[in-house]
Each structure stands twice: as C-alpha cells, then as structure tokens.
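# What the coordinates show
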Amino acid sequence: MKVTVIGCGNLGSAVVEGLVNKGYDVVACDKDEEALDALSDGVMKEKDAGKAVEGSELVVVAVKPEVVGPVLGSFDADDGQVVASFAAAVSLGYVRERTDGRAVRVMPNLAGEYNEMTAAVCADDGVPDEVARVLDDLGSYVEVDEELMDIATAVNGSGPAFVFYAMKAMRDAGVEGGLDEEDAGTLVAQTFRGAAAIVQNDERSLDELIDAVCSPGGTTVEGMEVLRESDAGRPFADAVGAAERRSVEITEELDL
Ligand SMILES: NC(=O)C1=CN([C@@H]2O[C@H](COP(=O)(O)OP(=O)(O)OC[C@H]3O[C@@H](n4cnc5c(N)ncnc54)[C@H](OP(=O)(O)O)[C@@H]3O)[C@@H](O)[C@H]2O)C=CC1
Ligand SMILES: O=C(O)[C@@H]1CCC=N1
C-alpha cells in the first residue's frame, strides 16, 4: 500500500519510519529539504504535494494546525483516496470541506517510529480500512466520538511528554542515589515498558497492581506513602487538563 506523508517534522518523520519498518511504499513530502534528507533511504521524497499524493491510497497530513488548510489546498485528492489529518485541534469538518478525499481525523503520537503508537481516530462512516491497517501496523488505535478528540489529544498525543517527565524524575533520583546515568536510564525505561506490559496483559486494576508491588512492611509502601501524601497524581491530571483546554482553544482561535 502506498502512503504519502505531508510534513515530516517530529511527528511526520516518526510515522514515515514506522511505515517503512512495515514495508509500506512511503512518499514523504516536506517543504524543508533537510527534513526530507533526514529520512531513511527507502523513502520516496517529493517537495510538491500535488505530485506526492499521486497513486497513494492514504495521504497523512502532519503539519502544524495552522498549516493544514493551505496544505489541503495544495493537492487534489479523489474520493478513492483517504486524507487523514494527524494534527491537533483540526476538526473533521474542516478537513472534509477542503478535500474530495475521504476525511479522517487521527491523534497519533511519536511512538509510531517504533510501531508502538496508539491513536485516537474519528471518521464519518467508521474508520476506513486503509487507516485501520496503517494504525494497526503503527501500533494500535481506538475509535472515539469527535467531541472526545481534545481529551484524547491530551492523553495520548501530549502524553509521551508527561511520561518522559516522570521518567526523568526517577532517573535523576537514581543518579542522585549513586547509579551511573546510563544504567539509571536503562532501569527506568525498562521499568516503564514492563509496567505497561503488565497493565496490558493483567486483569487486575491499577490499584490492585500497586498493592501487588507493595510488600507488607517493605520498601514500596514507604514510597507510595510519599506519593499519596503529596497527591502526586494531581499535577499529572492537571497537565492533561491544561493540554485538553489548549486543544479546544486552538480550534476556536484559528477557526479549525
Ligand atoms: N510532535 C508530536 O508529538 C505530535 C504532533 N502532532 C501533530 O503533528 C503536527 C506536526 O507537529 P510536529 O511534527 O511536532 O511539527 P514540526 O514543526 O516538527 O513538523 C512539521 C513539518 O511540516 C513542514 N511543513 C510546513 N509547511 C509545510 C507545507 N506547506 N508542506 C509540506 N511541509 C510543510 C515543516 O517545515 P518547516 O519546519 O520548514 O516549517 C516541518 O518540517 C501538528 O499538527 C501536531 O499537532 C500530533 C501528535 C503528536
Ligand atoms: O503539543 C502539541 O500541540 C502536539 C499535539 C500533541 C502532541 N504534540
């Protein structure tokens, strides 16, 4: 399957590389030559969006929200092509009005590069097969009503940054305690990965899993007391709330 990705910055390049990993024919389009040069050799590179979308079943638009309109105006899609906006705050209706292709709104994240992304998707008549296949190959997806895209953006689009912040705090504490920075980084990264694997495979709730780690009279219970007393979950919830509000605000400010 041929996929065109327009906008190959932080997010678009991750999507391109994730698709290359899975053997897709990928056409990368960016106005910035350096962004194209940084991509894998197997990728077709094209600066002109009109040429880049020719023959592609799926066109991914991964530019900043304010550039989505001009980009959609720079190529003609037909109704046999799917045009998926991967931009925050850009409504499905905004895309639909600017393309003859089938419009889809996706909120992805940077883990697409390693085929570990999860995405939230909304579309008019269910998720088109082309999008379902690509998102499955990049990781996984959930279909949500459009009114939930702002909170989904905060949770899974912005989410990796919040997780990196928590990881940094734990790594730095490890270094402060005497661990080598690289060793601490390895321990923290695999701890997050392992914890995620448990959550994805175990039927116990998050609270039950916390209890499973807390041996009576042991070490974890002391750490959990610190987290609970300082209500350490609150700033994370507030961060998600702030990101959600900003998503709504961008849509309103730019009439997207
Ligand atoms: N970064 C992330 O983790 C996530 C981002 N997103 C969404 O992805 C989109 C892109 O974000 P991000 O990758 O961070 O942004 P970047 O600025 O890193 O990437 C955007 C790229 O698009 C290029 N570009 C701008 N105008 C055009 C054009 N007319 N034609 C082709 N390419 C163009 C930019 O070039 P130049 O730099 O020269 O302007 C740049 O290389 C945003 O809408 C964002 O909401 C969604 C989820 C996660
Ligand atoms: O920060 C942003 O606006 C984009 C959308 C989600 C992640 N990055």
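Keep in mind that this is a model prediction, so the values were computed, not measured.

Relative to strand 8 (residues 139-143), strand 7 (residues 117-123) runs parallel, the two being bridged by five bridges. Paired with T118 across the two strands is S140, which belongs to strand 8. Considered for its hand, the β-α-β crossover made up of strand 7, helix 6 (residues 129-138) and strand 8 is right-handed.

Okay, the UniProt feature "domain: Pyrroline-5-carboxylate reductase dimerisation" (unreviewed entry) in the chain next. When the UniProt feature table is mapped to this numbering, "domain: Pyrroline-5-carboxylate reductase dimerisation" (unreviewed entry) covers residues 146-249. Between the end C-alpha atoms of residues 146-249 there is a gap of 16 Å, over a span that is 80% helix and 0% strand.

Below, the discussion takes up the site of ligand 1. Taken together, 20 residues lie near ligand 1, and L11, D30, V63, K64 and A88 sit nearest. K64 places a polar side-chain atom, nitrogen or oxygen, 2.8 Å from an oxygen atom of ligand 1. Coverage of ligand 1 by the protein amounts to 75% of the 880 Å² it exposes when considered alone. For the shell around ligand 1, the per-class residue count stands at 13 nonpolar, three polar and four charged.

What follows covers the sheet that holds strand 3 (residues 44-46). Within the open sheet, the eight strands sit side by side as 3-2-1-4-5-6-7-8. Their pairing is mixed. In this open sheet, the two strands that pair with only one neighbour each are strand 3 and strand 8. Ignoring strand direction, the axes of neighbouring strands in this sheet form an average angle of 25°. Across four bridges, strand 4 (residues 58-61) lies against strand 5 (residues 82-85) in parallel orientation. Bridged to V61 within strand 5 is S85. In the packing of helix 1 (residues 10-21) onto the sheet, contacts are made with strand 1 (2-6) and strand 2 (25-29), and the angle to strand 1 comes to roughly 165°. Where helix 6 meets the sheet, it contacts strand 1, strand 4, strand 5, strand 6 (102-107), strand 7 and strand 8, and its direction lies at approximately 135° from that of strand 8.

The next subject is the site of ligand 2. Taken together, A88, G157 and S158 are the residues near ligand 2. In isolation ligand 2 offers 240 Å² of accessible surface; the protein chains occlude 44% of this area.

What counts, and where the lines are drawn
Residues numbered from 1 in each chain as written. Chains lettered and ligands numbered in written order. Predicted model: local features only at pLDDT ≥ 70, side-chain atom pairs only at ≥ 80, totals over all residues. Heavy atoms only, no water. Pairing = 2+ DSSP bridges. Helix = DSSP H or I, 4+ residues; strand = E, 2+ residues; numbered from the N terminus. Right-handed = clockwise from strand over helix to strand, strands pointing away. UniProt positions renumbered as here; feature names shortened; annotations may be inferred. Near = heavy atom within 4 Å. Polar contact = N/O pair within 3.5 Å; in protein donor to acceptor, adjacent residues only side chain to side chain. Areas by Shrake-Rupley, 256 points an atom, 1.4 Å probe, with all protein chains shown as cover. Nonpolar A, V, L, I, M, F, W, Y, C, P; charged D, E, K, R; others polar. Axes fitted to C-alpha atoms, helices over the stretch in contact; angles between N-to-C directions. Contact = heavy atoms within 4.5 Å.

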